[in-house]
Amino acid sequence: MAEEVKLFKTWSSPFPLRVAWALQLKGIQYESVLEDLSNKSNLLLQYNPVYKKVPVLLHNGRPISESLIILEYVDETWKQYSLLPRDPYARAMARFWAKFGDDKVLPSIYAAFKSEGKEQEAALAEASEHLQKLEEELKGKKFFGGDNIGYLDIALGWLANLGVFEEVSSLRVLDVERFPLLCAWLKEFSDAPVIKDCWPPRDMLIAKFIARHQARHAKSSST
Amino acid sequence: MAKGGEVKLIGGWPSPFVMRPRIALNLKGLEYEFLEEKFGAKSELLLRSNPVHKKIPVLLHADRPVCESLVIVQYIDEAWPSSGPSILPSDPYDRATARFWAAYIDEKWFPSMSGIARAQGEEAKKAAIDLVVEGLSLLEDAFGKISKGKPFFGGDTIGFLDIALGCFLGWVRVTERTQGLKLLDQAKVPGLAKWAERFCADSAVKGVMPETEKLAEFAKLIMAKFGAPPPQ
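Given the structure is predicted, the values throughout are model-derived calculations rather than measurements. (Residues numbered from 1 in each chain as written. Chains lettered and ligands numbered in written order. Predicted model: local features only at pLDDT ≥ 70, side-chain atom pairs only at ≥ 80, totals over all residues. Heavy atoms only, no water.)

1. Overview of the pattern of salt bridges
Residues and elements named next belong to chain A. This model, assessed by the stated rule, comprises 24 salt bridges over all chains. Among the ionic pairs, Lys26 bridges to Asp75, the shortest N-O distance being 2.8 Å. Taken together, the positions of Lys26 in the loop between α1 (14-25) and β2 (31-34) and Asp75 in helix α3 (residues 67-77) put the pair 49 residues apart, joining distant regions of the chain. The residues Lys26 and Asp75 share a single accessibility class, namely buried. (Salt bridge = Lys/Arg side-chain N within 4 Å of Asp/Glu carboxyl O. Helix = DSSP H or I, 4+ residues; strand = E, 2+ residues; numbered from the N terminus. Buried < 20%, exposed > 50% of the residue type's maximum accessible area, 1.4 Å probe, protein only.)

Here it is, written out as structure tokens:
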């Protein structure tokens, strides 16, 4: 029976990327549907009426939204290459840290890149505190998932974008002196063929973030 | 004693988030020690067990801590798979649906509830109420589709999504009373209104759902002390 697997994504958003990585790791064939968030397709609005966001995974006509939820769905539907560990406690830890990544780490890093002056200092301090906790989680491990890339590596994979942000804004968030394990993990993770394969082109990412950075500064200097 | 070691739960009686693992443990027929935190002061044990967020609830299973209420509920379901009914549905799509609405409740709907008490002025209050009502209408729709005529989101027995939403019913009632509103309106959300009564009457819930009167008193205390609704 032919399975229909479609992934609604944008070219640059890291959240659909999580799903792409999961599908690739499991060797699942899927079709990418590229969305323009400034002009959302009727299908996207139909499949994700609550949030109207990407990613949406369509599996045999049924939509699933919210990237971390999609990851668990993918893991439960296609059993090859387990993303989450078997042990209930290890699963709870993976879920806890993935939520921590989205609820705390991501907003603080985003705030650090978006703000200036004292605000930026505070955001950076907070981000560093959060990153320190992730650094501790990596002790004795190559990946958050252990020897292989797993759910938590995928959930935190957006951190690999930091290099681009740092280049554009000349802000240093993930320095190797304070975060040697995270830096090593980032390299291992980004170099993995499955991960590299799906990654949006670096030059396009840089161009996009430069444009956004400039627009933000233009706004603040005209007020 | 629960299989696999002693179970303790660090929490507080008014917290809807603490109620979630309590209901789950009750559904599974598991005994546990409830370590009640004093409001306004965090115990050493709590700070040690949840150094990242310093919040309740925290489940301690053979002294290993699990934090974040919905993570705890899933842990309870997976650590004791043969005790009591399954809390999460068995089908992956149904599980994704339950998780989706639970996340919606935590990220959108419950924050909109707190928005009512925080709103300053007539217009802001009306807007805040409208937001909550809108959310309830979405949840009513979801209930219809998910329960498929059965008494709960989980089917015949309380499940993950029932727990995720039901824990807030005490606070819904307090809000209705203090604001002079009817949120679980039989006319507007008939499915949810009846579900709410069934949920609160369930044996796994009855003992841990605080009385509206007691919660209202507590809310008054918080407002007086902090001039703001209780933190999430």
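2. Considerations on the UniProt feature "domain: GST N-terminal" (unreviewed entry) in chain A
Those residues carrying the UniProt feature "domain: GST N-terminal" (unreviewed entry) are residues 3-82 of chain A in this numbering. The span residues 3-82 of chain A shows a helical share of 36% and a strand share of 21%, and its end C-alpha atoms are spaced 20 Å apart. (UniProt positions renumbered as here; feature names shortened; annotations may be inferred.)

3. A look at a nonpolar patch on the surface
On the surface, A:Trp11, A:Leu34 and A:Met204 cluster together into a nonpolar patch covering about 300 Å² of accessible area. Along the chain, A:Leu34 falls in strand β2. (Patch = residues over 30% accessible without salt bridge, like charges linked within 9 Å, V, L, I, M, F, W, Y side chains within 5 Å. Areas by Shrake-Rupley, 256 points an atom, 1.4 Å probe, with all protein chains shown as cover.)

4. Concerning the state of the cysteines
Under the defined criterion, the tally for this structure stands at zero disulfides over all chains. The thiol of B:Cys67 is unpaired, and the distance to the nearest cysteine sulfur, on B:Cys167, comes to 17 Å. (Disulfide = S-S within 2.5 Å.)

5. Comments concerning the UniProt feature "domain: GST C-terminal" (unreviewed entry) in chain A
Per the UniProt record, "domain: GST C-terminal" (unreviewed entry) is found at residues 87-214 of chain A. Helix and strand shares over residues 87-214 of chain A are 73% and 0% respectively, and the end C-alpha atoms of the span are 47 Å apart.

6. Side note on unusual backbone geometry
With an omega dihedral of 0°, the bond running from A:Val54 to A:Pro55 counts as a cis peptide bond. Note that A:Pro55 resides in the loop between α2 (42-47) and β3 (56-59). The omega angle of the peptide bond from B:Ile56 to B:Pro57 is 0°, so this bond is cis rather than trans. Structurally, B:Pro57 is set in the loop between α2 (44-49) and β3 (58-61). We note that A:Glu66 has phi near 80°; this positive angle belongs to a residue other than glycine. With respect to the helices and strands, A:Glu66 occurs in the loop between β4 (62-65) and α3. Of the residues examined, A:Glu66 reaches a relative accessible area of 22% and is grouped as partly exposed. At B:Glu68, a residue that is not glycine, the phi angle is positive and equals roughly 80°. Mapped onto the secondary structure, B:Glu68 falls in the loop between β4 (64-67) and α3 (69-79).

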